[in-house]
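# Analysis of the macromolecular model
The primary structure of each chain is shown beneath.
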Amino acid sequence: MNQSQSRIQSIALIHHLLYENEGLSTVSTQMYIEKLMREISNIFDPEKKVEISIYCDNIYLSLEQTLSVGMIINESVTNSFKYAFSKIENPKINIECNQTENNEIKFIISDNGYPSEVNIKNSKGIGVHIIKDMVNSLEGKLNINTNHGFKYVISFTLKVTK
């Protein structure tokens, strides 16, 4: 139930930003991620036990790209809250995003949780499929590392809106 609620919230947040700013065709990544993480944290971590760090360049994504990124963040962070921290004293989630000179966007979403035994390639969970589908919609690349917690690295090309 909580996971469905956070999925809906990530989409609703974009609509709210559109309503606040008529004519908006791009969304501030930093602002969106901060608001999204506040919402997800309120659902899964109401006692604020998990330290959340967000470091973003001043990037404005198209609405389509923002929706995909929001769903990726929602799924990966939700998995962190649900599975990663049962054996961790100081749980942390980090989100980084930067833009290169050639308009490549790189997102890193990581936690310091207990390494998962999940086999990503053969996972039957809907969250992993959503992440892969959203990366495909971005025409991007996904790299997952489970050496020290979970780390998703997503890269894609910035779409310039007119």
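The text that follows walks through the structure, step by step, so that each part is easy to find. Please read all numbers here as calculations on a predicted model, not as lab measurements. (Residues numbered from 1 in each chain as written. Predicted model: local features only at pLDDT ≥ 70, side-chain atom pairs only at ≥ 80, totals over all residues. Heavy atoms only, no water.)

## A word on the state of the cysteines
Where we set the bar: Two cysteine sulfurs form what is called a disulfide whenever their separation falls within 2.5 Å. Segments assigned H or I by DSSP are reported as helices when at least four residues long, segments assigned E as strands when at least two residues long, and all are numbered from the N terminus. Here's how the labels work: a residue is buried when its accessible area is under 20% of the maximum for its type, exposed when over 50%, partly exposed in between, all with a 1.4 Å probe on protein chains only.
Inspection of the entire model under this criterion finds one disulfide. In this model, C56 is linked to C97 through a disulfide, with the two sulfur atoms separated by 2.1 Å. The sign of the 130° torsion about the S-S bond sets the C56-C97 disulfide as right-handed. With C56 in strand β2 (residues 51–56) and C97 in strand β4 (residues 92–99), the pair connects residues that are 41 residues apart, well separated along the chain. Given the relative accessible area of 18%, C56 is considered buried.

## What about helix α4 (residues 126–137)?
Threshold: Expected helix span is computed as 1.5 Å times (number of residues minus one). Here the arc refers to the set of directions running from the helix axis out to each C-beta atom.
The end-to-end C-alpha distance of α4, which contains 12 residues, comes to 16 Å, matching closely the 16 Å that a straight helix rising 1.5 Å per residue would cover. Of the positions making up α4, those classed as buried are G127, V128, I130, I131 and V135. All buried residues of α4 fall inside an arc of 160° around its axis, so they share one side. Turned more than 90 degrees off the buried face of α4, the exposed positions are I126 and N136. Downstream of α4 by a residue or two, E139 has a phi angle that is positive, lying close to 55°.

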